[in-house]
Amino acid sequence: MKNKLEADPRQQTQLPQGDSGATGFAPTSILSHLPADVKILSDFIQRRHIPLMDMVEVVKTLYPRCDKSLISKCAHGHETGAMLRRDAMKALQVHFAEDGQKPPRKPRRKKPNRLTCRIGDALFAALQRRVQVTGQTVQDYLEALILKDLTGGAS
């Protein structure tokens, strides 16, 4: 009589075949086999930095009981097995289309470059007194001082 483990094929485990040698470990990653919906949802959250609550508001228009935890479970579908329906994914793709995104803003400063220096307490107190007497800001005072030095002392 054979052992029950040997007779029942459901109880036997098959090791994946591969070039990994005698260990039986296949070098493939589970992340490369994720469904496209999970990849798109992960892309929205991680790379495009779209907040979960914004995504929940879009999906709630189709499914009113959707919440943040459900979106999170679907984003980790490779671990939880949960997936969004195709119509909800389509709604997210349409709403958060890259074409509609605004490009990053350019700096709007007139003077975008910054200078920094450290000075002692006595020198700083003298600078503050000088600035108060002239009615300038420290930035204006230093800018005028640098301009005077670079132009050769003519002011």
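Refer to the structure above for everything that follows.
My aim in this report is to walk through the structure given alongside it, one point at a time. Computed from a predicted model, the values in this text were never measured in an experiment.

Restricting attention to buried positions, one finds in helix H3 (residues 52–60) the residues Leu52, Met55, Val56, Val58 and Val59. In an axial view of H3, the angular spread of the buried residues amounts to 165°, which keeps them on one side of the axis.

Quick look at the packing of H3 against helix H6 (residues 86–95) now. Running from N to C, H3 and H6 point in directions that differ by 120°, and their axes come no closer than 9 Å. Taken together, the axes of H3 and H6 lie oblique to each other. Seen along the crossing, H3 lies across H6 with a hand that is right-handed. Residues Met55, Val58 and Val59 of H3 form the contact with H6, whose participating residues are Ala88, Ala91, Leu92 and His95. Its residues placed into classes, the contact of H3 with H6 shows six nonpolar, one polar and no charged.

One finds Leu41, Met55, Ile71, Leu84, Leu92 and Phe96 to be the most contacted residues of the largest nonpolar core, which totals 17 residues. Of the residues forming this core, the biggest block, five residues, is contributed by H3. Not counting residues within four places of it along the chain, the set of residues in contact with Met55 comprises Leu41, Phe44, Ile45, Ile50, Ile71, Leu92 and Phe96.

With that settled, consider a nonpolar patch on the surface. Residues Leu115, Ile146 and Leu150 make up a contiguous nonpolar surface patch of roughly 360 Å² in combined accessible area. Looking at where Ile146 falls in the secondary structure, it is placed in helix H8 (residues 138–150). By relative accessible area, which is 39% here, Ile146 ends up partly exposed.

Because each turn of an α-helix spans 3.6 residues, side chains separated by three or four positions end up pointing in the same direction. Those residues of helix H4 (residues 68–75) lying buried are Ile71, Cys74 and Ala75. Looking straight down H4, one finds that the buried residues subtend no more than 100° of arc, so they occupy a single side.

Reported here for the largest pocket is a volume of approximately 870 Å³. Surrounding the largest pocket, 18 residues form its lining, Arg114, Leu115, Thr116, Gln139 and Leu142 being those nearest its centre. If you list the elements that add at least two residues to the lining of the largest pocket, you get helix H7 (121–134) and H8. The element contributing the most residues to the lining of the largest pocket is H8, with five residues.

Let us now look at the pattern of salt bridges. Applying the stated rule across the entire model yields two salt bridges. Taking the shortest distance from any N to any O, the salt bridge between Asp87 and Arg85 comes out at 3.7 Å. Assessed through its relative accessible area of 54%, Arg85 is described here as exposed. In this structure, the salt-bridge partner of Lys111 is Glu143, at a minimum N-O distance of 2.6 Å. Of the two residues, Lys111 is situated in the loop between H6 and H7 and Glu143 in helix H8; the sequence distance between them amounts to 32 residues.

Procedures and definitions
Residues numbered from 1 in each chain as written. Predicted model: local features only at pLDDT ≥ 70, side-chain atom pairs only at ≥ 80, totals over all residues. Heavy atoms only, no water. Buried < 20%, exposed > 50% of the residue type's maximum accessible area, 1.4 Å probe, protein only. Helix = DSSP H or I, 4+ residues; strand = E, 2+ residues; numbered from the N terminus. Arc of directions from axis to C-beta. Axes fitted to C-alpha atoms, helices over the stretch in contact; angles between N-to-C directions. Parallel < 35°, antiparallel > 145°, perpendicular 65-115°, else oblique. Left-handed = near helix turned anticlockwise from the far one by under 90°. Contact = heavy atoms within 4.5 Å. Nonpolar A, V, L, I, M, F, W, Y, C, P; charged D, E, K, R; others polar. Core = buried A, V, L, I, M, F, W, Y, C linked by side-chain atoms within 4.5 Å. Patch = residues over 30% accessible without salt bridge, like charges linked within 9 Å, V, L, I, M, F, W, Y side chains within 5 Å. Areas by Shrake-Rupley, 256 points an atom, 1.4 Å probe, with all protein chains shown as cover. Salt bridge = Lys/Arg side-chain N within 4 Å of Asp/Glu carboxyl O. 1 Å grid on protein atoms, 1.4 Å probe; cavity = no way out; pocket = protein on both sides within 12 Å on 5 of 7 lines; lining within 4 Å. Points joined across faces, edges and corners; volume = space filled by probe spheres on them.

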